[in-house]
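# Remarks on the overall topology
Spelled out from the first residue to the last, the chains are:
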Amino acid sequence: MKKKRLREKRARKLFSALLFSSWISFMALAGFFIPSFLVQFPLFQVKRVEVNGNYRIPFEDIKGAVEELSMNLMKLKGSELENLLNAKFGNRIKEVRLEKRFTSQGIVLKVSVEERRPVARLSLGGSYRLMDKEGVIFKPIKDEGKDLVEIRTYDVDVLEEGFSKLYEQVLGIGLPLKRVLVKRDRIILELRGKSVILPPIESLPDNLSERLRMIYNVPQEKVDLRYDRFILVRN
């Protein structure tokens, strides 16, 4: 009798193990096939793509990128579309947000795109790139940015690292700059009829914008602001 109960107990354990294994296999197969099955229905297909926020990248190119990723539409994330657009358009996308609205005719996919806004033009010999106020470098579209202040640097990495401070204290205050030369030991600002020497980019002071406004109307053609307690001026 004892042996019989032992055999029954083992049989129940074996049955439970087989049942659990079958359930896991079923769920795995369902997870793989059901999304592929569902997207065959019109209800789960993209009926319309709506795009907002773009100002340089054409709607057709964004829609085309969505269609490239449409095989995995049910799991499509904004970061995936963002990466694809950045690969296509040279790092000019700051963020992509997606919203999927399900209707009886299909899915309306709303794509919100935030493009980087250029504030300067980085000279690279015979070509140039654009920079936003955070120091991110990206490719222009056609002749975009040709009217922006030109920046030349001895080291692009150093410029990127210190660009936020340069924008905050210099570029963003509205001076009529023509060119900014970022050298190893100084920065030279070329304005209309005046040049201003600043400390190196990693040493820009927090009160630099105030000092620039103060000396803007002085008649001297050369102004040196590398020193804390005095200003050097000469013609």
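First, a word on scope: everything that follows refers to the structure included in this document. Quick caveat: nothing in here was measured; it's all calculated off a predicted structure.

For the rest of this paragraph, the subject is empty space enclosed by the protein. As enumerated under the stated definition, the model contains 1 cavity of 30 Å³ or more in all. Contributing to the lining of the largest cavity are Leu 175, Leu 191, Lys 194, Val 196, Leu 212, Ile 215 and Tyr 216. Counting residues per element, the ones that place at least two in the lining of the largest cavity are strand S10 (194–198) and helix H5 (208–215). Residues that form the lining of the largest cavity fall into these classes: 6 nonpolar, no polar and 1 charged.

Attention now goes to the pattern of salt bridges. In the structure shown here, the tally under the stated rule is 16 salt bridges. Residue Glu 144 is joined to Arg 56 by a salt bridge in which the shortest nitrogen-to-oxygen separation is 3.9 Å. Within this pair, whereas Glu 144 is found in the loop between strand S6 (137–138) and strand S7 (150–153), its partner Arg 56 is found in the loop between strand S1 (46–52) and helix H2 (59–68), the two being separated by 88 residues in sequence. For Glu 144, a relative accessible area of 3% gives the class buried. On the accessibility criterion, Arg 56 (37% relative accessible area) is partly exposed. Between Lys 94 and Glu 134 there is a salt bridge; the shortest N-O distance is 3.2 Å. One end of the pair, Lys 94, is in strand S2 (residues 93–103); the other, Glu 134, is in the loop between strand S5 (127–131) and S6, with 40 residues separating them in the sequence. What makes Lys 94 partly exposed here is its relative accessible area of 34%. A cluster of three or more residues bridged by salt bridges with shared partners is formed by Arg 56, Arg 92, Glu 115 and Glu 144.

Our next topic: a nonpolar patch on the surface. On the surface, Tyr 227, Phe 230 and Leu 232 cluster together into a nonpolar patch covering about 270 Å² of accessible area. Tracing the backbone through its elements, the reader meets Tyr 227 in the loop between strand S11 (222–224) and strand S12 (232–234). Residue classification places Tyr 227 among the partly exposed positions, given a relative accessible area of 32%.

Strand residues, when the strand is regular, have side chains that alternate between the two faces of the sheet. Taken across its 10 residues, strand S3 (residues 106–115) has 8 buried, putting it largely inside the fold. In this structure, S2 lies alongside S3, joined through 10 bridges in antiparallel fashion. Among the inter-strand pairings, Glu 95 is bridged to a residue of S3, identified as Glu 114. Between the antiparallel neighbours S2 and S3 lie 2 residues.

Conventions and cut-offs
Residues numbered from 1 in each chain as written. Predicted model: local features only at pLDDT ≥ 70, side-chain atom pairs only at ≥ 80, totals over all residues. Heavy atoms only, no water. 1 Å grid on protein atoms, 1.4 Å probe; cavity = no way out; pocket = protein on both sides within 12 Å on 5 of 7 lines; lining within 4 Å. Points joined across faces, edges and corners; volume = space filled by probe spheres on them. Helix = DSSP H or I, 4+ residues; strand = E, 2+ residues; numbered from the N terminus. Nonpolar A, V, L, I, M, F, W, Y, C, P; charged D, E, K, R; others polar. Salt bridge = Lys/Arg side-chain N within 4 Å of Asp/Glu carboxyl O. Buried < 20%, exposed > 50% of the residue type's maximum accessible area, 1.4 Å probe, protein only. Patch = residues over 30% accessible without salt bridge, like charges linked within 9 Å, V, L, I, M, F, W, Y side chains within 5 Å. Areas by Shrake-Rupley, 256 points an atom, 1.4 Å probe, with all protein chains shown as cover. Pairing = 2+ DSSP bridges.

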